[in-house]
Structure formats: C-alpha cells, structure tokens
Amino acid sequence: MKKSAVLIAAFVMASACVFSVYASSENSLNKARVVRDGAEISDVFLKIMPRDEVATGDTIILEYENAEVLSIPSFGSLQGKGSSWSSLVSQLNSDGTKTTLLSLWSKTSDNYIPWNMKKITSSEVEVELFPIPSEYCDVSIGKNGTEPYYYIPLSVKADSKTGTCDITVTIDSNETSVSSGTYLFATMPLEGTSSSDTASSSSSGTSSETETSDEETETTTEGFSDSEASLQAAGEKRIISVQIGSSTVTINGEEYTMDAAPYIQTETNSTLVPLRFVAIALFGENVENADESSIISWDAETKTASITADGDIIEFTAGSSEIRTNGEASETEYSAAAEITDGRMYIPFRALGEALGAEVSWDGETKTASYSID
C-alpha cells in the first residue's frame with residue numbers, strides 16, 4: 001500500500017495534504033524563484049527526510065511540468081565524498097546498510113543519504129534511493145546532529161510555450177515510504193512585471209500545513225537568473241558581478257580588470273572566485289590596489305586568509321571547507337573547499353557573499369555571479 005503524509009514545502013505547496021497515521025517522509029524545497037524562459041534551474045533541491053524505512057531497490061519518479069530535464073547530475077560530484085554509486089552499492093552488499101551509512105557520514109558533517117538518478121523522458125527522472133533502516137529515520141545523528149535526508153537537485157531548463165507559467169515537480173512515491181506530492185519551485189515572470197513582483201506573489205497563499213525555510217544551496221550547477229537590475233531594484237546597493245572564465249569585474253556598471261578569473265571547481269561543481277579582489281570590491285575599497293588592502297591578511301604557514309571588517313574576522317583556509325567567523329566554524333554546503341590556484345586564494349562565491357552579508361545571485365545563462373551589498 002502506498003504511504004502518504006503531511007507534505008511540507010519550503011515556500012509553496014501546490015497540492016493538498018494527505019494525512020495518515022504516521023509521516024512516511026517530510027519533503028521540502030530549498031527555495032523558489034522567478035526565472036526566464038530557457039534559463040537553467042539547477043540549484044533548486046528537493047529535500048526528502050524519511051520517517052520510515054527505505055528498502056533496497058526503492059525508487060521514486062520526479063515529473064516536471066513546464067521544464068525540460070537537463071543532463072543528469074554526477075553522483076560523485078554532489079555527495080558521497082568521491083564514492084561512486086557502484087562502489088557504495090558494493091560496500092552495501094559487503095558490509096550492510098548500517099556500516100556503509102556510518103562510514104559515509106563519518107566523512108562529512110552532513111547526513112546526506114545517497115541517491116542515483118537516471119533520465120526517463122525529457123520531463124521525467126527516476127531516482128534510486130539508497131536504503132536506510134527505520135532506526136536511523138527521524139533521529140538526530142552524525143557530527144552536526146541532524147536527521148538523515150536525501151538532497152536531490154532539480155536540474156531542469158524552463159520550457160514555456162506562453163512565456164508565463166509555473167514550474168512544478170511531482171513526486172511519484174512508486175510504492176515507497178516517500179510521500180507523493182506536487183511542488184511549485186519556479187515561476188515565469190508575467191509580461192510587464194518585475195521578477196521581484198512575481199516572486200512575491202508566487203510565495204504567498206500557503207496553507208497552514210506549509211512551513212517556510214531560508215535554506216540555501218552551495219553547489220553550482222547554479223541556475224537561477226536573478227539579474228543585476230532586479231538586485232538593484234531593491235534599493236541603492238553596491239552591485240558586483242564576475243563571470244566564469246573572465247578577469248573582468250563589474251562594480252555598479254564600471255568594469256575593472258582582475259589578475260584572476262572565476263572558475264568551476266570540478267569536484268563539487270561550485271563556482272570559485274578570487275577572494276582578495278572580490279572581497280575588496282564588496283567593501284568598496286580601491287580594487288586597482290587590491291594587494292595593498294589592509295582588510296585582508298594572509299598566514300602563509302596555515303594558508304589562511306582573514307578578512308577584518310565591521311568588527312568581524314572571517315577566515316578561509318586553503319584545502320578546508322570550513323568558514324570561521326569570529327572563531328566559530330561552519331561548513332560550506334557539499335564541502336566545497338577554498339583552494340590556491342595560480343598563487344591566488346579562491347573560495348565558493350556564495351560562501352563569500354553570505355559571510356560578508358551580501359545578497360548573492362547566479363545567472364546560469366551567462367555564468368555570472370552577482371553580489372548586492374548596502
């Protein structure tokens with residue numbers, strides 16, 4: 001018998017809730033946004049927190065409306081810390097579910113449960129779920145004391161015949177303990193309206209069973225297309241933009257040349273930006289004399305870059321996925337680590353922006369990362 005439960009979405013739930021004697025899973029979206037037609041939407045994630053056992057061989061079907069499935073994300077680049085799906089299945093067969101999961105979780109502060117995805121049609125994917133015993137469901141475990149969950153990217157391209165539509169994903173539980181449901185995660189802007197106007201209307205009208213979340217993703221299969229104009233519309237802000245492969249940084253429309261260019265980190269699919277130049281631009285200092293700035297210091301022995309501003313000290317260490325703010329450590333999503341390339345310190349663009357209090361956005365069409373700061 002198919003099991004159903006209260007469905008929880010991060011911003012909007014587009015289907016009615018179905019109740020049962022227990023919650024088979026708690027499903028949520030990490031964000032909902034406004035996109036252009038044809039834009040890639042690869043940084044929206046579906047979080048499935050199982051409340052009951054997921055058995056070996058269980059699969060679910062994700063079906064999209066008004067969106068076309070892109071290439072299937074690589075399992076190894078998103079989770080498992082380099083472990084392939086086949087190697088995890090082999091370990092499962094050899095050591096059993098519990099040993100395999102505990103071994104996986106010991107390598108990270110996140111309690112991700114692995115998954116494997118394959119494309120069925122241009123609008124459907126099948127997701128094979130790694131098994132998890134009921135004793136690990138609905139309990140806090142691991143380094144960060146969170147409950148285990150699947151974190152599945154909704155890697156699609158907006159595809160509208162009219163230019164105005166809602167983009168949804170429907171979970172077919174496929175006789176598993178995962179709850180079925182339909183979720184709205186993106187809208188196409190109406191002609192003559194701004195992205196911010198449409199975003200506001202798309203996240204309203206939720207039912208009392210719906211919870212909101214301010215979770216953000218780190219991984220860059222980044223796909224939302226918030227433009228500089230929409231960021232600036234929120235008020236008089238400093239807008240900084242950098243583009244993958246380009247040594248040009250744009251600050252409020254003015255272009256400056258860096259001696260380093262952003263790139264995609266292969267292991268995590270995260271966008272990395274040169275720390276010194278971008279941080280200085282965010283604080284409004286003279287980017288043409290970036291190496292002389294006093295707000296950034298470098299410890300060659302520990303390979304740690306420190307940003308001192310507004311009374312805070314923010315530290316990034318090469319080879320580490322930790323960010324330290326006034327001595328308190330936190331982990332970047334998917335453990336995207338800072339690294340040194342061609343003598344420059346690079347860090348994940350979203351981690352830098354959020355650490356410095358900036359709004360961040362990503363245009364997947366132009367591969368441009370933008371920051372907005374007061």
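What counts, and at which threshold
Residues numbered from 1 in each chain as written. Predicted model: local features only at pLDDT ≥ 70, side-chain atom pairs only at ≥ 80, totals over all residues. Heavy atoms only, no water. Helix = DSSP H or I, 4+ residues; strand = E, 2+ residues; numbered from the N terminus. Buried < 20%, exposed > 50% of the residue type's maximum accessible area, 1.4 Å probe, protein only. Contact = heavy atoms within 4.5 Å. Areas by Shrake-Rupley, 256 points an atom, 1.4 Å probe, with all protein chains shown as cover. Core = buried A, V, L, I, M, F, W, Y, C linked by side-chain atoms within 4.5 Å. Pairing = 2+ DSSP bridges. Axes fitted to C-alpha atoms, helices over the stretch in contact; angles between N-to-C directions. Arc of directions from axis to C-beta. Polar contact = N/O pair within 3.5 Å; in protein donor to acceptor, adjacent residues only side chain to side chain.

1. Observations regarding the overall build of the chain
Piece 1. Helix and strand content of the chain: 7 helices and 26 strands.
Piece 2. Put simply, the chain has 374 residues, and 51% of those count as buried.
Piece 3. Taking the intrachain contacts of the chain between residues at least 6 apart in sequence as the baseline, contacts between residues at least 24 apart amount to 64%.
Piece 4. Of the roughly 16000 Å² of accessible surface on the chain, a fraction of 45% belongs to carbon and sulfur atoms.

2. Looking at the nonpolar core
Buried together is how nonpolar side chains tend to be arranged in soluble globular proteins.
Piece 1. Grouped together as the largest cluster of nonpolar side chains are 43 residues, with contacts concentrated most on L62, Y64, I152, I167 and F185.
Piece 2. Once residues lying within four places of it in the same chain are set aside, the contact partners of I152 are V44, F45, L46, I48, I60, L62, W115, M117, V127 and L129.
Piece 3. Among the nonpolar cores identified, the runner-up in size contains 35 residues, and I240, I280, I296 and Y371 belong to it.

3. Considerations on the pairing of strand β24 (residues 344–348)
Piece 1. Burial analysis of β24 places 5 of its 5 residues in the buried class, the great majority of the element.
Piece 2. Inspection of the sheet shows strand β17 (residues 270–274) paired to β24 by 3 bridges, in the antiparallel sense. By the bridge assignment for β24, P274 is matched with Y346.
Piece 3. Sheet topology places strand β23 (residues 339–341) next to β24; 3 bridges connect them, and they run antiparallel. Bridged to T341 within β24 is R344.
Piece 4. Counted between consecutive antiparallel strands, the loop separating β23 from β24 contains 2 residues, among which D342 sits at a positive phi close to 50°.

4. Structural notes on the sheet that holds strand β19 (residues 304–309)
The pairing of strands in a sheet comes from backbone hydrogen bonds and takes either a parallel or an antiparallel form.
Piece 1. Strands sit in the order β18-β19-β20-β21-β22 across an open sheet of 5 strands; the sheet is antiparallel. Each edge of the open sheet carries a strand with a single partner, namely β18 (296–299) and β22 (328–331). Sheet twist, expressed as the average angle between the axes of neighbouring strands with direction ignored, equals 25°.
Piece 2. Where β19 and strand β20 (residues 312–317) come together, 6 bridges link them in antiparallel fashion. The residue of β20 that forms the bridge with A309 is D312.

5. Observations concerning the environment of D172
Piece 1. If you trace the backbone, D172 turns up in strand β11 (residues 166–172).
Piece 2. With relative accessibility at 32%, the residue D172 sits in the partly exposed group.
Piece 3. Note: C-alpha distance between D172 and L62 (110 residues apart in sequence) is 6.4 Å.

6. Describing helix α3 (residues 97–105)
Piece 1. Taken as a whole, α3 has its buried residues at T97, T100, L101, L104 and W105. With its buried residues spanning 125° around the axis, α3 presents them on a single face.
Piece 2. Contacts made by the buried residues of α3 are with α2 (85–95).

7. Observations concerning the sheet that holds strand β6 (residues 67–69)
Piece 1. Taken together, 3 strands build an open sheet; the order of strands is β3-β10-β6 and the sheet is antiparallel. Two strands bound the open sheet, and with one partner strand each, they are β3 (40–41) and β6.
Piece 2. Across 2 bridges, the pairing between β3 and strand β10 (residues 156–158) is antiparallel. Looking at β10, one finds that E40 is bridged to K157.

8. Comments concerning unusual backbone geometry
Piece 1. If you check the backbone angles, N252 has positive phi at about 50° while not being a glycine.
Piece 2. Along the chain, N252 turns up in the loop between β14 (248–251) and β15 (254–257).
Piece 3. Positive phi outside glycine occurs at K303, with the angle close to 55°.
Piece 4. Here K303 is to be found in the loop between β18 and β19.

9. Observations concerning α2
Piece 1. Listed as buried for α2 are W85, L88 and L92. Projected down its long axis, α2 carries its buried residues within an arc of 65°, all on one side. Along α2, the residues that are exposed and aim more than 90 degrees away from the buried face are S86, N93 and S94.
Piece 2. Within two residues after α2, G96 carries a phi angle of roughly 95°, on the positive side.

10. Describing the side chain of S160
Piece 1. Relative to the assigned elements, S160 resides in the loop between β10 and β11.
Piece 2. Excluding residues that lie within four positions of it along the chain, S160 makes contacts with D37, C165 and M188.

11. A short note on the side chain of S25
Piece 1. Note on placement: S25 falls in strand β1 (residues 25–29).
Piece 2. Here S25 falls in the buried class, since its relative accessible area comes to 0%.
Piece 3. At 2.8 Å, the side chain of S25 and the backbone nitrogen of S179 are in polar contact.

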